[in-house]
Amino acid sequence: MSSALATLSSAELQTAARFGTGTAVQTLEGSVSAFFALESFDRRRGVATYSLRVVNRTSSALVCRTWVLSRTGDAMLAHPIFVEVAPLGTSSAHVPVWPRDFASFDRAIAEVTGDGVHCIVEAPSPVRTRSQRPYIIAAALSLAGIVLLGAAAALRAATPRITAFAVPPEALAGTTVRAEYDAGGAGRLAYVVTAPDGRTLQGGSLSGGAGTIPIAIPASNEPGAYTLQMTMSGLLGTQSATRVLNAMPRGRAGAQIASISVTPAVAKPGQVVNVAYSASGDGGYARLVGADGTVWQQRAFSSDGAARFTIPTAPSLREMRVVLHVEQGRTTAQSMAGIVVAGASPATALAAVPQVSGDDNPGAPAATSDANETFEVLTPEVKSGGSIHVRILSPRNGIHLALTDAQSHELGGVDVGAEADSITLRAPVVAVPTRYTIVATFTDGFGQESVVAPVTVTP
């Protein structure tokens, strides 16, 4: 007997004849019914078609395999594809078998296995003729190749995968943040949030392939790092993703952010998202930032607690975040909300870099990678500690030119006078190539506006 059929013992194979073409099994979680029969036999092509129907009334998935039992008692796989039956579901399948592929064919066996389930049903072997024309064999092999390709595609589609898991890197203690996720394949999706002291803060199973997880960060006067882990487990494997959220202690007075949320949490390129926040302060901004730290759009802080952004069209964007920065006197507060970008297509994406616009000018065109209407970076790639030369193309009122890192922190800046036509910023010292952003902020008739351009610093 084949070693691959370890689950079918000799006693079970002998007992299979008692079931005929159908059987039913009762478990603690429910019942399973299976029916297996020879439906037809094409003599010209030499293909036998077996019909398999399984009714699963349990909460676990079932796997069905088809075997050929020889007259000597050896078992061989009759078909390379197994049939999966979802929990509380019904599956009907037609399994093609080529009897000429087996030296001895006594009968066909269908094996149904699952959590606490193992049953066998059998069907008779077809009546065969001695005709073995080459073209029939070639057709059978061709069809088998097509079936195998389809099986490989089905296996890839069913493999568990977590395509996106967006979590704000920082949040204020005592607030609630939202983690956005998108997953595919067949399996059980779950998450767990671990506090800095190692205890489990919250967790559980997730339904659906995409959604939002609200995470309540306990109030604390001490900073701490919370670990978020998402896992998807199925018959074809397990995949996991881990993110870290840094909780900042709430200040006793000054600028504060109570909450921030983005709707919808999963958006397509070109779609408008609405930001709602509750904060206290007398100034600040809300920014739409890419995963690499690029600032795509910016809105001034509003006491109304609302802002709108348009998701940019770029092939590399999978996750973004909205950064809310509030100022009051000498105090500041900052919080973030994640966004999953879905459906970006490299073939249709625009090769645009971000331009940040004011509240009354949300549809401003994007700048090119080297220049915009306000300024131009003459050295888009500079050495560590070197000089970044910027040419002013169009003087603005009260323009401030700053070099910022991936977390939107200003590393250096200068106020540009109306007569200035160029300025120089000092590049930071780096050990690996690092991308930074030059942000020009100014005021015009519509309010505050910002324009950005990238620069890379190499060792």
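Here, every reference points to the structure presented above.
Scope of this entry: the structure provided in the associated data block. (Residues numbered from 1 in each chain as written. Predicted model: local features only at pLDDT ≥ 70, side-chain atom pairs only at ≥ 80, totals over all residues. Heavy atoms only, no water.)

**Some thoughts on empty space enclosed by the protein**
Selection rule: Residues are said to line a cavity or pocket when one of their atoms sits within 4 Å of a point; the points come from a 1 Å grid over protein atoms alone, cavities being sets where a 1.4 Å probe fits but cannot get out and pockets being open sets with protein on both sides within 12 Å along at least five of seven lines. Grid points are joined across faces, edges and corners, and a volume is the space filled by probe spheres set on the points. Per the convention used, a helix needs a DSSP run of H or I reaching at least four residues, while a strand needs a run of E reaching at least two, with both numbered from the N terminus. The residue classification treats Ala, Val, Leu, Ile, Met, Phe, Trp, Tyr, Cys and Pro as nonpolar and Asp, Glu, Lys and Arg as charged. All others, Gly included, are polar.
Evaluated as defined, the whole model comprises two cavities of 30 Å³ or more. As for the second largest cavity, its lining consists of Thr-175, Thr-176, Val-177, Ile-257, Ala-258, Ser-259, Ile-260 and Ser-335. Those elements that provide at least two residues to the lining of the second largest cavity are β12 (176–184) and β18 (256–263). The residue makeup of the lining of the second largest cavity, split by class, is four nonpolar, four polar and no charged.

**Topic: the pairing of strand β21 (residues 283–290)**
Going by this rule: Exposure categories follow from relative accessible area, calculated using a 1.4 Å probe and restricted to protein chains: below 20% of the type maximum is buried, above 50% is exposed, and the middle band is partly exposed. Strand pairing is assigned whenever DSSP detects at least two bridges linking the two strands.
Most of β21 is tucked away, with eight of its eight residues classed as buried. Here β21 shows no split at all, with Gly-283, Tyr-285, Arg-287 and Val-289 on one side and Gly-284, Ala-286, Leu-288 and Gly-290 on the other all buried. Pairing of β21 with strand β24 (residues 319–328), which is carried by eight bridges, proceeds in the antiparallel orientation. Residue Val-289 lies in a different strand from β24, and its bridge partner there is Arg-321. In terms of strand pairing, β21 meets strand β22 (residues 295–300) through five bridges, oriented antiparallel. For Leu-288, the partnering residue across the bridge sits in β22 and is Gln-297.

**Remarks on the pattern of salt bridges**
Here is the rule we go by: In the sections that follow, a salt bridge refers to a side-chain nitrogen of Lys or Arg positioned within 4 Å of a carboxyl oxygen of Asp or Glu.
Under the definition given, this model contains six salt bridges. The partner of Arg-107 in a salt bridge is Asp-106, and the shortest N-O contact between them spans 2.6 Å. With relative accessibility at 15%, the residue Arg-107 sits in the buried group. A residue is classified by how much of its surface remains accessible, and Asp-106, at 31% relative accessible area, is partly exposed. Here Arg-391 ties to Glu-376 by a salt bridge, and the two come within 3.6 Å at their closest N and O atoms. Of this pair, Arg-391 sits in strand β28 (residues 387–392) while Glu-376 sits in strand β26 (residues 375–377), and the two are 15 residues apart along the sequence. Each of Asp-106, Arg-107 and Glu-122 takes part in one network of salt bridges that share partners.

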